[in-house]
Amino acid sequence: MDPSPRETCMSVRLATLDDAESMRAVYAPYVEAPVTFDTAAPSPAEFSARMADAMRAYPCLALEQSGRIVGFAYAHAQASRAAYRWNAELSVYLEQSATGCGRGRALYDALLELLRAQGMKSAYGLVTLPNAASERLHEAFGFKRCWVQPHAGWKAGAWHDVAWYVKELAPFDDDPADPVPFDELARTRLDFVRQVLANAGAALAHRA
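Residues numbered from 1 in each chain as written. Predicted model: local features only at pLDDT ≥ 70, side-chain atom pairs only at ≥ 80, totals over all residues. Heavy atoms only, no water.

**Q** Is there a simple way to think about the nonpolar core in this case?
**A** In summary, soluble globular proteins display a tendency toward joint burial of nonpolar side chains. If you look at the biggest cluster of nonpolar residues, it comprises 38 residues, and the most contacted ones within it are V12, L61, L63, L90 and L115. Looking at this core element by element, the count peaks at eight residues for helix α4 (residues 103-118). When sequence neighbours within four positions are dropped, the list of residues in contact with L61 reads V12, R13, L14, A15, G71, F72, A73, L107, A110, L111, L114 and L197. Counting 16 residues, the second-largest nonpolar core is a separate cluster that includes A20, M23, Y27 and A62. (Core = buried A, V, L, I, M, F, W, Y, C linked by side-chain atoms within 4.5 Å. Buried < 20%, exposed > 50% of the residue type's maximum accessible area, 1.4 Å probe, protein only. Helix = DSSP H or I, 4+ residues; strand = E, 2+ residues; numbered from the N terminus. Contact = heavy atoms within 4.5 Å.)

**Q** How should I be thinking about the confidence of the model for the protein in this particular structure?
**A** Should pLDDT be low for a region, the predicted coordinates there are not to be read in detail. Here the protein averages 93 in pLDDT, and 96% of its residues register 70 or above. Predicted confidence is poor over residues 1-7, with pLDDT under 50, and the contacts of this stretch with residues over four places away or in other chains come to four contacts. (pLDDT = per-residue confidence, 0-100.)

**Q** Would you mind showing me how to read helix α3 (residues 44-55) here?
**A** In an α-helix, one turn spans 3.6 residues; hence positions three or four apart end up facing the same way. When the terminal C-alpha atoms of α3 are compared, their 16 Å separation across twelve residues agrees well with the 16 Å that a helix rising 1.5 Å per residue should span. Every buried residue of α3 is accounted for by F47, M51, A52, A54 and M55. Relative to the axis of α3, the buried residues are bounded by an arc of 165 degrees and lie together on one face. Across α3 from its buried face, at more than 90 degrees, point the exposed residues A45 and D53. For α3, the secondary structure elements touched by its buried residues are α2 (20-27), β2 (60-65) and β3 (68-77). (Expected span 1.5 Å × (residues − 1). Arc of directions from axis to C-beta.)

What follows is the structure in structure tokens.
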């Protein structure tokens, strides 16, 4: 029997800390592979604190199917020093059942649009090699591989290289305004944020 529209319908919304455990469940299987350099699944408290830190200044998006989170994507600081504050690093994780059909692309597209509105200048993606799907995703969005960090981490009995991808989001002017924290953007430009999320949902429906 074909699944009903309700069963196949997916939507994108802003994630909250109440979603942390559902997002942790999506993330945990990736710990078994070199995709992430966590060597053990983070505890609920650790993962919640990690997401709280990111959500203070950056967007975090939840992919829902029939009211259940099956994927998420978020941005976070690329480095901690103040002069790096115009950079953001992106991450996306999907349940295996939710991969394909451009779902990661829809989440990435929304993240990039929100980061531009914040005033970010560059977006980074770090890819443990080899990972053909992630490499294709970044290349499809115009990310450039700026360098490969050799032997970046030891996991699963081997050393793994990490490719650094970067995408310019805005011109590098000589007097850049500070990026707007995402919680402020969501308060002051709520209609814009809602439209970005609606566009992501429409893209998912089109690709289904």
